Amino acid sequence: GKVRAPTHIISTISDDRGEEPCYSGVPMSTIVERGYGVGDVISLLWFKRSLPRYCTQFIEICIMLCADHGPCVSGAHNTIVTARAGKDLVSSLVSGLLTIGPRFGGAIDDAARYFKDAYDRGLSAYEFVESMKKKGIRVPGIGHRIKRGDNRDKRVELLQKYAHTHFPSVKYMEYAVQVETYTLSKANNLVLNVDGAIGSLFLDLLAGSGMFSKQEIDEIVEIGYLNGLFVLARSIGLIGHTFDQKRLKQPLYRHPWEDVLYTK
Ligand code: ACO
Ligand code: LMR
């Protein structure tokens, strides 16, 4: 019989060998004819399946809400400085993207991991937060530089409202809110932030949609797919900031001496 030479690469998400490329078996023409959106394309390429409309719409809302947050945040700042140094689009974009991490935008996966573990083990919000404190770990998904208990993040409210209306269950998000209630009793800046909202709500999406086995959910959380939502979303804004600086013909940035504490 035929002997198949071993391949150097295995790929399971897309195929360009036929007449038209397919994403998880779905041809481009179907994607266009059925009016699929970017949420459907993410479902096919990341999760390898078509998800119900309420899920793909949630993904698209996450992307739209996280696309930008003004020029002062870490990512935009880096991109602006890089663009003003005369660098190209890709350099300016990645310079901003490289700031995404545990403090800024990249806490979604850890928020999902910790909220899931604590909820599934039946820990009360008090037990969870205090156990994190003992370990010296800040609760991912909690805290913000400018948002406060009396000045909530509108993005979080919008995501929660959407999920309350469309998701069959929001148990993980409700748990995250219990955690927030406890942390807010400690300090006014310890709100549920957009990373925490997306992390907890994505757990609800995965568990409530009936489209994923328990093992698949564990794998998604373990590998860490969800920071990808912020990376993808914020790329839109960072590209915009690059064009903005070029359009404005901004000169090389130099930080003012007065704003540096020179000390020994
Ligand atoms: N869990 C527990 N305690 C916290 C947390 C937290 N998540 N955040 C702040 N605190 C407490 C700590 O006691 C901290 O004191 P410490 O420095 O001795 O640990 C105190 O509040 C003051 O914290 P600051 O450092 O002043 O807070 P800052 O405003 O600098 O930090 C930040 C904001 C980075 C978001 C922080 O709250 C944090 O690390 N959160 C967890 C990571 C996270 O969710 N990041 C995503 C933010 S949303 C976004 O980027 C789109
Ligand atoms: C963001 O989305 O960039 C913000 O939440 C971060 C910030 O500090 O405002």
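Residues numbered from 1 in each chain as written. Chains lettered and ligands numbered in written order. Predicted model: local features only at pLDDT ≥ 70, side-chain atom pairs only at ≥ 80, totals over all residues. Heavy atoms only, no water.

Going by what an unreviewed UniProt entry lists, the protein is known as ATP citrate synthase and is assigned to Aristolochia fimbriata.

A. Structural context of the state of the cysteines. Applying the stated criterion across every chain yields a total of zero disulfides. Free of any disulfide, Cys72 has its nearest cysteine sulfur in Cys66, 17 Å distant. (Disulfide = S-S within 2.5 Å.)

B. Examining the packing of helix 3 (residues 53-65) against helix 8 (residues 154-166) more closely. Put simply, helix 3 and helix 8 touch, their axes get as near as 11 Å, and they point 175° apart. In terms of axis orientation, helix 3 runs roughly antiparallel to helix 8. The segment helix 3 lies against helix 8, with Arg53, Tyr54, Gln57, Phe58, Ile61, Cys62 and Leu65 engaging Arg155, Leu158, Leu159, Tyr162 and His166. For the contact of helix 3 with helix 8, the residue count by class is eight nonpolar, two polar and two charged. (Axes fitted to C-alpha atoms, helices over the stretch in contact; angles between N-to-C directions. Helix = DSSP H or I, 4+ residues; strand = E, 2+ residues; numbered from the N terminus. Parallel < 35°, antiparallel > 145°, perpendicular 65-115°, else oblique. Contact = heavy atoms within 4.5 Å. Nonpolar A, V, L, I, M, F, W, Y, C, P; charged D, E, K, R; others polar.)

C. The arrangement of the packing of aromatic side chains in detail. Scanning the model with the defined rule gives 14 aromatic pairs in all. Measuring from centroid to centroid gives 5.8 Å for Phe47 and Phe202, while their planes differ by 20°, and the two rings are stacked. You can see Phe47 sitting in the loop between helix 2 (38-46) and helix 3 and its partner Phe202 sitting in helix 10 (residues 194-208), a full 155 residues away along the chain. Per residue, the accessibility class of Phe47 equals that of Phe202, and both read buried. Taking 5.7 Å as the distance between ring centres and 85° as the angle between the ring planes, the aromatic pair formed by Phe104 and Phe230 counts as edge-to-face. A residue pair is termed long-range when its members are at least 10 positions apart, and Phe104 in the loop between helix 5 (89-97) and helix 6 (108-120) and Phe230 in helix 12 (residues 227-247) qualify at 126 residues. Residue Phe230 is classed as buried on the basis of its relative accessible area, which comes to 3%. (Phe/Tyr/Trp six-rings, centres within 6.5 Å; stacked < 30°, edge-to-face > 60°. Buried < 20%, exposed > 50% of the residue type's maximum accessible area, 1.4 Å probe, protein only.)

D. View of the site of ligand 2. What surrounds ligand 2 is the set His69, Val73, Phe104, His144, Arg155 and Arg234. With respect to ligand 2, the side chain of Arg155 contributes an N or O atom lying 2.7 Å from an oxygen atom. Within the side chain of Arg234, a nitrogen or oxygen atom sits 2.8 Å from an oxygen atom of ligand 2. Computed on the free molecule, ligand 2 has an accessible area of 270 Å², of which 85% lies beneath the protein chains in the complex. Class assignment for the residues of the shell around ligand 2 results in two nonpolar, two polar and two charged. (Near = heavy atom within 4 Å. Polar contact = N/O pair within 3.5 Å; in protein donor to acceptor, adjacent residues only side chain to side chain. Areas by Shrake-Rupley, 256 points an atom, 1.4 Å probe, with all protein chains shown as cover.)

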